Amino acid sequence: MAAYSPPTADREEKLRLDFNENTVGCSPAVIAALRERLSADRLAVYPEYAMARTDLAAHFGVGVPEMLLTNGTDEAIQIVVNTFVDPGDEVLLLQPSYAMYRFYGEVAGARIRPVPYREGTLAFPLEELLAEIGDRTRAIFISNPNNPTGTAIEAAGIERILAAAPGAAVLLDEAYFEFFGMSVLPLIGRFPNLFVSRTFSKAHGMAGLRIGCLFSNTRNLEMVHKAQSPYSVNVLAALAARAAISDPAYVTSYVREVRAARELLYAGLEKLQIPFHRSEGNFVLIQAGRRSLELQDKLREVGILVRDRSHEIAGAVRVTVGTREQTSRFLMELERIWDGKGCPSTPGKAV
C-alpha cells in the first residue's frame, strides 16, 4: 500500500484553495450552539446520539433506522468495506477519485479494479464500468460529483449500475451534493444494494469536526452498524450537525456564492488561455502542463494554496472555488505568474 499523506501542515493564515473546504467557515449558529452547550460535565460523558439522529433523519427525509452518523465520509467507506468485502473480493472504483476508496479496499485485502475516467473529457465511463462488474464484485465506490475531475453521472446511469450489480454494495459518495443538486438518496427504498453518504465537511464548513451520514435500507444498516465503533462521532460534532441544519439559509447563500465564483474563475482562465474542465463541485481542475508544480509552489509563496494532481492527470492542478473576492485574488496572482508558456492543449476553452 502507498501511504496517504495529505499536505496539511502550515495552512493557517493562507487562502485555502487546496482541500475543497468551505473557505469562509461554518454557520454562526454552529459556533453559538457549541458555546452554549459546551461544558466540563458534557465532555466527561460518552456521547448520546438520539436527538441528533432524529433531527438529521428528518432533515434528510429518511427514517431514523435508515441513517447512521459517521466520523466523516471516511468512516462510512470503512464500515461498508468491513461489512461486505472479504480478502480476494473485487472492489470497483473510478480513477482518479477519492483516495480512501482504494485505501480501505486494500486494507481489507480486496482486489482493486480501477476504471479510468474517459481520457480528454474526463466524462464518467458508464459503459466501461458496467463491463467490469462480475460475480466477485462486492463493492463499487462512486463519488458524485467526482473529486478531482468535477464530473458527474445522472440518476439514470446510477440506476443501471445498481441493476447490474445486485451482489455488490454500491456507495454513492455525495460529498459535493449541495453544489451539484442531484441526489439518489430517494432511491434507497427501491435498490437494496444502494448506500449514500453525505458529509458536513464541505458546504457546511465543518471539516475539523469530522461528521457525516450513511444512508441505506434498515436491514443493511443493521448489519453495517455491527462493524461500527459505538462512539466514533464525538459529542461536539453531533451538537454541531444539529445546529448546522437549523440554518439552511447559510448553506444556500454559500453555495450561490461558490457557483458565481466558479463562473468568474472560468472567465479568468479563458482570458489567460489556460485549459480547464468544467465542474459540478466547488473546485475546478486546470491544465498547467509541465508547470503544475511550479504553479503550486509560486502560489504558495504568496499565501494561496492549490493542489497539484499531476500524479493522477498529467499537468493537472485542482483549485477550490470559494467566494468571488477570493477567486479574484487567485486570478490576479495567477495572471502575475502565468506567462502563456506550457499550455498543453487548445487555449482558452474548457476541455
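Coordinates for the structure precede this section.
Residues numbered from 1 in each chain as written. Predicted model: local features only at pLDDT ≥ 70, side-chain atom pairs only at ≥ 80, totals over all residues. Heavy atoms only, no water.

(A) Quick peek at the overall build of the protein chain. Broken down by element type, the protein chain carries 13 helices and 13 strands. A compact globule built from 351 residues would reach a C-alpha radius of gyration of about 20 Å, and the protein chain, at 20 Å, matches this within 12%. With respect to the principal axes defined by its C-alpha atoms, the protein chain has extents near 55 × 55 × 35 Å. Taking all contacts inside the protein chain whose residues are at least 6 apart in sequence as the whole, residues at least 24 apart take part in 72%. Taken as a whole, the protein chain presents about 15400 Å² of accessible surface, with 52% of it coming from carbon and sulfur. Taken together, the 38 basic and 41 acidic charged side chains of the protein chain have centroids lying 2 Å from each other. (Helix = DSSP H or I, 4+ residues; strand = E, 2+ residues; numbered from the N terminus. Rg over C-alpha atoms; globule rule 2.2 N^0.38 Å. Contact = heavy atoms within 4.5 Å. Areas by Shrake-Rupley, 256 points an atom, 1.4 Å probe, with all protein chains shown as cover. Lys, Arg positive; Asp, Glu negative; His and termini not counted. Charge placed at Lys NZ, Arg CZ, Asp CG, Glu CD.)

(B) Here's a closer look at the side chain of N282. Tracing the sequence through the fold places N282 in the loop between strand 9 (276–277) and strand 10 (283–287). Look at N282 and you get buried, because its relative accessible area is 0%. Here the side chain of N282 touches N20 through a polar contact of 3.1 Å, landing on its backbone oxygen. With residues near it in sequence (within four places) discarded, N282 still touches N20, E21, Y176, F179, V258, V319, T320 and V321. (Buried < 20%, exposed > 50% of the residue type's maximum accessible area, 1.4 Å probe, protein only. Polar contact = N/O pair within 3.5 Å; in protein donor to acceptor, adjacent residues only side chain to side chain.)

(C) How the structure looks around the sheet that holds strand 7 (residues 194–199). Strand order in the open sheet formed by 7 strands is 2-8-7-6-5-3-4, and the pairing between neighbours is mixed. Unpaired on one side and paired on the other, strand 2 (67–70) and strand 4 (111–116) mark the two borders of the sheet. Strand-to-strand, the axes of this sheet are offset by a mean angle of 20°, without reference to chain direction. As paired elements, strand 3 (residues 90–95) and strand 4 share 6 bridges and run parallel to each other. Each bridged residue has a counterpart across the sheet, and for L94 the counterpart in strand 4 is V115. Relative to the sheet, helix 7 (residues 155–164) contacts strand 5 (137–143), strand 6 (169–173) and strand 7, its axis offset from that of strand 6 by approximately 160°. (Pairing = 2+ DSSP bridges. Axes fitted to C-alpha atoms, helices over the stretch in contact; angles between N-to-C directions.)

(D) Up close: the pairing of strand 10. Strand 10 sits mainly inside the fold: 5 of its 5 residues count as buried. In strand 10, alternate side chains face the same way, and those of F283, L285 and Q287 on one face and V284 and I286 on the other are all buried. In terms of strand pairing, strand 9 meets strand 10 through 2 bridges, oriented antiparallel. Along strand 10, the bridge assignment pairs F276 with I286. Counting the residues that bridge the hairpin from strand 9 to strand 10 gives 5 residues. In this structure, strand 10 lies alongside strand 13 (residues 316–320), joined through 5 bridges in antiparallel fashion. Each residue of the ladder has a partner; that of L285, found in strand 13, is R318.

(E) Region of interest: the layout of surface pockets. Roughly 1300 Å³ of volume is contained in the largest pocket. Along the wall of the largest pocket there are 48 residues; nearest its centre are Y4, Y98, A99, M100 and R307. Elements supplying a minimum of two residues to the lining of the largest pocket: helix 4 (72–84), strand 3 and helix 5 (99–107). At 6 residues, helix 5 tops the list of elements feeding residues into the lining of the largest pocket. Among the residues making up the lining of the largest pocket, the classes are represented as 19 nonpolar, 16 polar and 13 charged. (1 Å grid on protein atoms, 1.4 Å probe; cavity = no way out; pocket = protein on both sides within 12 Å on 5 of 7 lines; lining within 4 Å. Points joined across faces, edges and corners; volume = space filled by probe spheres on them. Nonpolar A, V, L, I, M, F, W, Y, C, P; charged D, E, K, R; others polar.)

(F) Fine view of the environment of R210. Along the chain, the position of R210 falls in the loop between strand 7 and strand 8 (212–215). When the C-alpha positions of R210 and E270 are compared, they lie 36 Å apart, and in sequence the two are 60 residues distant. Setting aside chain neighbours within four positions, we find R210 in contact with T70, N71, G72, D74, S201 and A237. A polar side-chain atom of R210 sits 3.0 Å from a polar atom in the side chain of S201.

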